[in-house]
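Descriptive analysis of the structure
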Amino acid sequence: MDYKKTNAPLNTITRDMIELSEDTGNVYETVAIIAKRANQISADMKQDLEKKLQEFATLNDNLEEVSENREQIEISRYYEKLPKPTLIAAQEYAERKLYYRNPSKGGNLDLD
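Focus: the side chain of Thr30
With respect to the helices and strands, the residue Thr30 is situated in helix α2 (residues 27–54). Thr30 has contacts with Met17, Leu20, Ser21, Thr24 and Tyr93, leaving out every residue within four places of it along the chain.

Next up, the structure:
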């Protein structure tokens, strides 16, 4: 899923965990699924940001030579304004866009 085009809220919202956990039947399992997906999204976002900021990296960074790069600042601001990974993961789960399996019920906990 492209986290840049998600319809997840930008601010934290209250969710009914009982309603969210209807599929699994266990609130803690639901939270674990959302947390694992949030970690995946966070890693993707971090890797994407580092790749974009790598273009601006210089080999000889001295305190005297450090200057503000407006493009770099704009990229950082863009990523700061995106919804947090936990909000994106919770939205994906609520919209039933996640695939998961419970290892105790046979199989592994996989998220796509």
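Comments concerning the pattern of salt bridges
What the rule picks out here adds up to four salt bridges. Arg96 is the salt-bridge partner of Asp23, the closest N and O atoms lying 2.2 Å from each other. Placement of the pair is Asp23 in the loop between α1 (17–20) and α2 and Arg96 in the segment after α4 (85–94), with a sequence separation of 73 residues. A residue is classified by how much of its surface remains accessible, and Asp23, at 42% relative accessible area, is partly exposed. With a relative accessible area of 59%, Arg96 lands in the exposed category. Between Arg77 and Glu74 there is a salt bridge, with its nearest N and O atoms 3.6 Å apart.

Criteria and cut-off values
Residues numbered from 1 in each chain as written. Predicted model: local features only at pLDDT ≥ 70, side-chain atom pairs only at ≥ 80, totals over all residues. Heavy atoms only, no water. Helix = DSSP H or I, 4+ residues; strand = E, 2+ residues; numbered from the N terminus. Contact = heavy atoms within 4.5 Å. Salt bridge = Lys/Arg side-chain N within 4 Å of Asp/Glu carboxyl O. Buried < 20%, exposed > 50% of the residue type's maximum accessible area, 1.4 Å probe, protein only.

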